[in-house]
Amino acid sequence: MLSLPASLRSSFKEPFGPVYEDAERLLSESGRPIVAVGDVVTYHLREAGHVPAVALVDGRTEREEVDAEIRDALADPEHRREVANEPGTLSEALLAALADAVADPEPVTIVVDGEEDLATLPAVLVAPEGATVVYGQPGEGMVAVAVTSEAKAEMRSLLAEMDGDVDGALAALGLAE
């Protein structure tokens, strides 16, 4: 549905929020619900005693398989949905599953066959204001994005610059105008 053009890649180099190395500190300073994008982030939040409302995992970190400890800790989520999403894209299946998961009162883990790296954008768009979206910043730590109207506007702007059916993507998220 949407793919990341080369011209937009640099927009993702800088973190969209503060970077934390300590999951407990991140949790104490973050709004709820929490949406986690990535296996390592989800693992650290769970180890700190918090099950994210929504977690998106793909069994990989920095293009490598996660180690056995992380894989085993995330292997049997309470409520699991599986979707396909090619690297560098946002599929309709991923967007629809994300919107459904955010609306679900129970914690949901979306297991992605492919890659979940770009899911931060739609996660901020569908999460309620006051929530936090957490994703990994390679070599630095966990980035906490406070879901505000400003953050939503920034993510919507980035989404609008992607290649593909932006209106269809917004419709899949339940955000059609």
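Residues numbered from 1 in each chain as written. Predicted model: local features only at pLDDT ≥ 70, side-chain atom pairs only at ≥ 80, totals over all residues. Heavy atoms only, no water.

A. Expanded view of the overall build of the protein. A tally of helices and strands in the protein yields seven helices and twelve strands. A globule of 177 residues ought to have a C-alpha radius of gyration of about 16 Å, and the protein, at 15 Å, matches this closely. Taken over the C-alpha atoms alone, the protein extends approximately 40 × 35 × 30 Å along its principal axes. A burial count over the protein gives 47% of its 177 residues as buried. At a minimum sequence separation of 6, the contacts of the protein that also span at least 24 residues come to 68%. (Helix = DSSP H or I, 4+ residues; strand = E, 2+ residues; numbered from the N terminus. Rg over C-alpha atoms; globule rule 2.2 N^0.38 Å. Buried < 20%, exposed > 50% of the residue type's maximum accessible area, 1.4 Å probe, protein only. Contact = heavy atoms within 4.5 Å.)

B. Highlighting the pattern of salt bridges. One pass over the full model with this rule turns up four salt bridges. Taking the shortest distance from any N to any O, the salt bridge between Glu 29 and Arg 25 comes out at 3.1 Å. Highlighted residues: Glu 29 and Arg 25, both in helix 1 (residues 23-29), separated by four residues, approximately one helical turn. The class for Arg 25 is partly exposed, based on a relative accessible area of 44%. In this structure, Arg 71 engages Glu 65 in a salt bridge whose closest nitrogen and oxygen atoms are separated by 3.9 Å. (Salt bridge = Lys/Arg side-chain N within 4 Å of Asp/Glu carboxyl O.)

C. Layout of a negative patch on the surface. On the surface, a cluster of negative charge is made up of Glu 14, Glu 21, Asp 22, Glu 24 and Glu 140. The exposure class assigned to Asp 22 is partly exposed, which follows from its relative accessible area of 41%. (Patch = residues over 30% accessible without salt bridge, like charges linked within 9 Å, V, L, I, M, F, W, Y side chains within 5 Å. Areas by Shrake-Rupley, 256 points an atom, 1.4 Å probe, with all protein chains shown as cover. Lys, Arg positive; Asp, Glu negative; His and termini not counted. Charge placed at Lys NZ, Arg CZ, Asp CG, Glu CD.)

D. View of the sheet that holds strand 11 (residues 141-146). In space, the seven strands of this open sheet follow the order 2-11-10-3-4-9-7, with mixed pairing throughout. Whereas interior strands pair on both sides, the edge strands pair on one side only; in this sheet they are strand 2 (19-20) and strand 7 (80-85). As paired strands, strand 7 and strand 9 (residues 108-114) are joined by six bridges and run parallel to one another. Residue pairing for strand 9: Glu 82 is matched across the bridge by Val 111. (Pairing = 2+ DSSP bridges.)

E. Quick look at the packing of aromatic side chains. Under the defined criterion, the tally for this structure stands at two aromatic pairs. Taken together, the ring pairs in this structure connect Phe 12, Phe 16 and Tyr 135 into an aromatic cluster. (Phe/Tyr/Trp six-rings, centres within 6.5 Å; stacked < 30°, edge-to-face > 60°.)

F. Main features of unusual backbone geometry. A cis amide bond links Arg 32 to the next residue, Pro 33, at an omega of 0 degrees. Within the element layout of this structure, Pro 33 appears in the loop between helix 1 and strand 3 (34-37).

All we've got here are geometric facts, nothing functional implied.
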